[in-house]
Amino acid sequence: MQPNAHTIRAVLFDFDGTLTMPGALDFPGIRQQLGCPPDLPVLEFIQFIEDEHRRRTLMDRLDQIEVLAASRSHPNAGAQEVVRWLKQRQMPLGIITRNSRASVARAMANFDDADAADFDLIITRDDPLSPKPSGEGVLWAAAQMGLQTSEILVVGDFVFDCQAGRAAGARTALLDHGRDPRLQAEACDYRIRHLLELKEIVRPNGTGR
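Residues numbered from 1 in each chain as written. Predicted model: local features only at pLDDT ≥ 70, side-chain atom pairs only at ≥ 80, totals over all residues. Heavy atoms only, no water.

Any chance you could explain helix H3 (residues 52–71) here in plain terms?
What sets the pattern is the α-helix's 3.6 residues per turn: residues three or four places apart point alike. The first and last C-alpha atoms of H3 sit 29 Å apart over 20 residues, in line with the 28 Å expected at 1.5 Å per residue. For H3, the set of buried residues is Leu58, Leu62, Ile65, Glu66, Ala69 and Ala70. Angular distribution of buried residues about the axis of H3 spans 130 degrees; they occupy a single face of the element. Facing away from the buried side of H3 by over 90 degrees, the exposed positions are His53 and Arg56. Close packing links the buried residues of H3 with helix H1 (27–34), helix H2 (42–47) and helix H5 (101–108). Among the residues of H3, the N-terminal cap falls to Asp51, whose side-chain oxygen and the backbone nitrogen of His53 are separated by 3.2 Å. (Helix = DSSP H or I, 4+ residues; strand = E, 2+ residues; numbered from the N terminus. Expected span 1.5 Å × (residues − 1). Buried < 20%, exposed > 50% of the residue type's maximum accessible area, 1.4 Å probe, protein only. Arc of directions from axis to C-beta. Contact = heavy atoms within 4.5 Å. Polar contact = N/O pair within 3.5 Å; in protein donor to acceptor, adjacent residues only side chain to side chain.)

What am I meant to see in the pairing of strand E1 (residues 10–13) here?
Side-chain direction in a regular strand flips from residue to residue, so the side chains alternate between the two faces of the sheet. The side-chain alternation of E1 yields two buried faces, one formed by Ala10 and Leu12 and the other by Val11 and Phe13. Bridge count between E1 and strand E4 (residues 152–156): 4 bridges; the pairing is parallel. Within E4, the residue paired with Ala10 across the bridge is Ile152. Across 3 bridges, the pairing between E1 and strand E2 (residues 93–96) is parallel. Residue Val11 lies in a different strand from E2, and its bridge partner there is Leu93. (Pairing = 2+ DSSP bridges.)

I keep staring at the pairing of E4 and nothing clicks. Help me out?
Extensive coverage of E4 is indicated by the burial of 5 of its 5 residues. Burial of the side chains of E4 extends over both faces: Ile152, Val154 and Gly156 are buried on one face and Leu153 and Val155 on the other. Both E4 and strand E5 (residues 171–175) contribute to a ladder of 4 bridges, which runs parallel. Its bridge partner lying in E5, Gly156 is registered against Leu174. A crossover connection joins E4 to the parallel E5 through helix H7 (residues 159–168); in handedness this β-α-β unit is right-handed. (Right-handed = clockwise from strand over helix to strand, strands pointing away.)

What is the right way to read the layout of surface pockets from this model?
If a probe as big as a water molecule is rolled over the atoms, it shows which places are left empty. Taken as a whole, the largest pocket encloses approximately 900 Å³ of empty space. Every residue lining the largest pocket is counted, 34 residues in all, and those nearest its centre are Asp16, Phe27, Asp157, Phe158 and Arg182. Of all the secondary structure elements, the ones that give two or more residues to the lining of the largest pocket are H1, H2, H3 and H7. Across the lining of the largest pocket, the residue classes tally to 14 nonpolar, 6 polar and 14 charged. Looking at the second largest pocket, its volume works out to about 320 Å³. Those elements that place two or more of their residues in the lining of the second largest pocket are H2 and H3. A breakdown of the residues in the lining of the second largest pocket according to their chemical character gives 5 nonpolar, 1 polar and 6 charged. (1 Å grid on protein atoms, 1.4 Å probe; cavity = no way out; pocket = protein on both sides within 12 Å on 5 of 7 lines; lining within 4 Å. Points joined across faces, edges and corners; volume = space filled by probe spheres on them. Nonpolar A, V, L, I, M, F, W, Y, C, P; charged D, E, K, R; others polar.)

Whenever I open this one, the side chain of Asp16 confuses me. Can you help?
Here Asp16 shows up in the loop between E1 and H1. Buried and unpaired, Asp16 has Lys132 as its nearest opposite-charge partner, separated by 9.4 Å. Excluding residues that lie within four positions of it along the chain, Asp16 makes contacts with Ala24, Leu25, Phe27, Asn99 and Asp157. (Lys, Arg positive; Asp, Glu negative; His and termini not counted. Salt bridge = Lys/Arg side-chain N within 4 Å of Asp/Glu carboxyl O.)

Even after reading the chapter, I still don't get the packing of aromatic side chains, so can you show me in this structure?
The way to describe two aromatic rings as a pair is by their centre distance and the angle between their planes. Enumeration according to the criterion identifies 2 aromatic pairs in this entry. Where Phe15 meets Phe111, the ring centres are 6.4 Å apart and the plane angle is 20 degrees; that geometry is what we call stacked. Of this pair, Phe15 sits in the loop between E1 and H1 while Phe111 sits in the loop between H5 and strand E3 (121–123), and the two are 96 residues apart along the sequence. Using a relative accessible area of 10% as the deciding quantity, one classes Phe111 as buried. When the centroid spacing of 5.1 Å and the interplanar angle of 75 degrees are considered together, the rings of Phe158 and Phe160 count as edge-to-face. For Phe158, a relative accessible area of 23% puts it in the partly exposed group. (Phe/Tyr/Trp six-rings, centres within 6.5 Å; stacked < 30°, edge-to-face > 60°.)

Looking at this model, I keep getting lost on the nonpolar core. Mind explaining?
The nonpolar side chains of a soluble globular protein tend to be buried, and buried together. Counting 31 residues, the largest nonpolar core has Phe13, Leu153 and Leu198 as the members making the most contacts within it. Setting aside its immediate chain neighbours within four residues, Leu153 contacts Ile8, Ala10, Val11, Leu12, Arg171, Thr172, Ala173, Tyr190, Leu198, Ile201 and Val202. Listed in part, the 16 residues of the second largest apolar core include Leu12, Ile96, Ala142 and Met145. (Core = buried A, V, L, I, M, F, W, Y, C linked by side-chain atoms within 4.5 Å.)

Here is the structure:
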């Protein structure tokens, strides 16, 4: 889908599977370790556990799993190049992820041409905001950047990223690796196979194609 030309003034990236290579987190394995049913998102499964001790124990375990996976992760193809390209054009950038802040920091340590300082804000599940697919984080980011949500492009590799962007009124770019059939029917403004395609969407003057 290619919407009419509009002004893109900032980009919010998902992290795992978008800025990092997909596959570092074994979601079926995580669900099995935590006792989460296969049809439920992990965070929501933990959130609705009534026993506080068990809930905290599972969240601590999830944090540990994520940090270990982050230590083995690598930048996705084109991720560092597109971040550098956007920064050179003074485009405000952010990360919005359901991961923990600690796991993002550990994964960023494996980047050699980008770091956390390249991002104007990093929103994780540790922040007091509802995680994706809620649009709350996108709305908060827009407020922090002094922008309308319609001026923000949300880039991610899963349905939650598109849903969060749409809920907030932002533009969405779905990084479709072609391996997840759930993505085929997901509505988005742009569907890309490689992060460097963002150069054709976010032009130097900030106008989307």
